[in-house]
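Observations on chain architecture
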Amino acid sequence: MKITKNEKGQAVAPNTVFMNEECFNRDNKTRIYWLGGGSLMIHSHQTNIMIDPVLKGFDLPLLYEIPIKTDDIPYLDAVLITHIDNDHFSRETCRDIKDVCQFYHAPNYVADVMNEQGFLTQKHDINDSFSILDMKIRLTRAKHNWQNDSTKWQYRYWEEKDYCGYWIETPDGTIWLPGDSKLLEEHLHMEEPDVILFDFADNDWHITLEGAIQLANSYPNSDLICIHWGSIDAPHMTPFNGNPEELYNKIIHPERIKVLAPGEVYSLKKGEL
């Protein structure tokens, strides 16, 4: 594994693969696309969803080109948001895709904010389950309420239930996004997913590198699609500066580490990892 670094020493994602309308075509396949940062798209058979899409309006410079413009998205069955942080909830993106997105889903507080801003958002508690056509989705617990440690954000108390991950069952296998979170004991005792959308940021309000290695080795047969790295020009901010090379010699079956370019497809096939 060889990762490119920029002049500031940041690990940088591979060159973007630009997406088009064909990525949304209904078929009998399940495909995962990393959109850069913490953003994702999952297509499964008749269903298209995006999770935490940040396709425009972010307030820090990017190290990659956005793989699809909001104007080029033909339709989405749903958008799922994990939490309020602006690298996961982009008001501008959600506003731009409002006419082509059927529903929004989010936990507690962020769902309230989204509804106040005119997005038709279904509000969920942790462990709630719901279905979107070919997908069955459950909210998993996350601990990322870092705002309580910052005087800037003391206008409310930030509860753990305001943040989540998503467990997604498709006809071709299971996908788990733990979300931005400290490593929790329950994260180590899930049913083994086929794919983990893998944040390995070495930050105390994320999983930490040590925690990411522990999580990966708890599920030695899960493919690991690296996210939340190589995307933001902020070398001083640890949440954005993981390097997949640091994982390789520390993880059981390191060949399952998937370093995708933004917009590159990963195909999930039942019984084939």
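Look a little higher up for the structure.
In this text, all values refer to a predicted model and were calculated from it rather than measured experimentally.

What to know about the pattern of salt bridges
Side chains that differ in charge, positive against negative, can pair when their charged atoms come close. Under the defined criterion, the tally for this structure stands at 9 salt bridges. Measuring nitrogen to oxygen at the nearest pair gives 3.9 Å for the salt bridge that ties Lys56 to Glu92. In this pair, Lys56 is assigned in the loop between strand S5 (47–51) and strand S6 (78–80) and Glu92 in helix H1 (residues 91–96), connecting sequence segments 36 residues apart. Among the residues examined, Glu92 registers a relative accessible area of 34% and is labelled partly exposed. In this structure, Asp96 and Lys56 form a salt bridge, with 2.7 Å as the shortest nitrogen-oxygen distance. Taken together, the residues span a long stretch of sequence, with Asp96 in helix H1 and Lys56 in the loop between S5 and S6 at a distance of 40 residues.

Description of the sheet that holds strand S12 (residues 173–177)
Adjacent strands of a sheet pair through backbone hydrogen bonds, lying either parallel or antiparallel. Strand order in this open sheet of 7 strands is S9-S10-S11-S12-S13-S14-S15, and the pairing throughout is mixed. The open sheet has two edge strands with one neighbour each: strand S9 (129–132) and strand S15 (257–258). Looking at chain direction, strand S11 (residues 164–170) and S12 are connected through 5 bridges and run antiparallel. Note on S12: the bridge partner recorded for Ile168 is Ile175. Packing of helix H3 (residues 209–218) onto the sheet brings it into contact with S12, strand S13 (195–199) and strand S14 (223–227), and relative to S13 it is tilted by some 175°.

Quick notes on the sheet that holds strand S8 (residues 121–124)
Pairing in this open sheet of 7 strands is mixed, and the strands run S8-S7-S6-S5-S4-S3-S16 from one edge to the other. The open sheet has two free edges, formed respectively by S8 and strand S16 (265–268), since each of these has just one partner strand. Each strand axis lies, on average, 20° off the axis of its neighbour in the sheet, ignoring direction. As judged from the 4 bridges shared by strand S7 (residues 104–107) and S8, these two strands associate in the parallel manner.

Some thoughts on the side chain of Asp77
If you trace the backbone, Asp77 turns up in the loop between S5 and S6. Of the side chains bearing the opposite charge, Arg26 lies closest to the buried Asp77, which forms no salt bridge; the N-O distance is 4.8 Å. For Asp77, the contacting residues outside a window of four places in its chain are Gln46, Thr47, Asn48, Gln102, Phe103, Ile132 and Leu133.

Things to note about the environment of Ile175
Secondary-structure assignment places Ile175 in strand S12. Separated by 48 residues in the primary sequence, Ile175 and Asp223 have C-alpha atoms spaced 9.5 Å apart. If we skip the residues at most four places from it in the chain, Ile175 touches Thr30, Ile32, Ile42, Tyr166, Trp167, Ile168, Thr170, Val195, Leu197 and Leu268.

Brief notes about helix H2 (residues 108–116)
Turning to H2, its buried residues number three or more, namely Asn108, Tyr109, Val110, Ala111, Val113 and Met114. Next to the buried residues of H2 lie H1, S7 and S8. One or two positions beyond H2, positive phi appears at Gly118, with a value near 95°.

Quick notes on the packing of aromatic side chains
Applying the stated criterion across every chain, the model contains 10 aromatic pairs. Judged by centre distance (6.0 Å) and plane angle (10°), the rings of Trp34 and Trp229 are stacked. Here Trp34, found in strand S3 (residues 30–36), pairs with Trp229, found in the loop between S14 and S15; they are 195 residues apart in sequence, far enough to count as distant. Trp34 sits in the buried class, given a relative accessible area of 0%. Members of the aromatic cluster, connected to one another through ring pairs, are Tyr109, Trp146, Trp153, Tyr155 and Trp158. In this structure, Arg156 packs its charged tip against the face of Tyr109, placed 3.7 Å from the ring centre.

Considering the side chain of Asp85
With respect to the helices, strands and loops of the structure, Asp85 is situated in the loop between S6 and H1. One buried charged residue, Asp85, forms no salt bridge at all, with the nearest opposite charge on Arg91 at 8.9 Å. A distance of 3.3 Å separates a polar atom in the side chain of Asp85 from a polar atom in the side chain of His83. Asp85 has contacts with His144, Trp146 and Gln147, leaving out every residue within four places of it along the chain.

Conventions and cut-offs
- Residues numbered from 1 in each chain as written.
- Predicted model: local features only at pLDDT ≥ 70, side-chain atom pairs only at ≥ 80, totals over all residues.
- Heavy atoms only, no water.
- Salt bridge = Lys/Arg side-chain N within 4 Å of Asp/Glu carboxyl O.
- Helix = DSSP H or I, 4+ residues; strand = E, 2+ residues; numbered from the N terminus.
- Buried < 20%, exposed > 50% of the residue type's maximum accessible area, 1.4 Å probe, protein only.
- Pairing = 2+ DSSP bridges.
- Contact = heavy atoms within 4.5 Å.
- Axes fitted to C-alpha atoms, helices over the stretch in contact; angles between N-to-C directions.
- Lys, Arg positive; Asp, Glu negative; His and termini not counted.
- Phe/Tyr/Trp six-rings, centres within 6.5 Å; stacked < 30°, edge-to-face > 60°.
- Lys NZ or Arg CZ within 6 Å of the ring centre and 35° of its normal.
- Polar contact = N/O pair within 3.5 Å; in protein donor to acceptor, adjacent residues only side chain to side chain.

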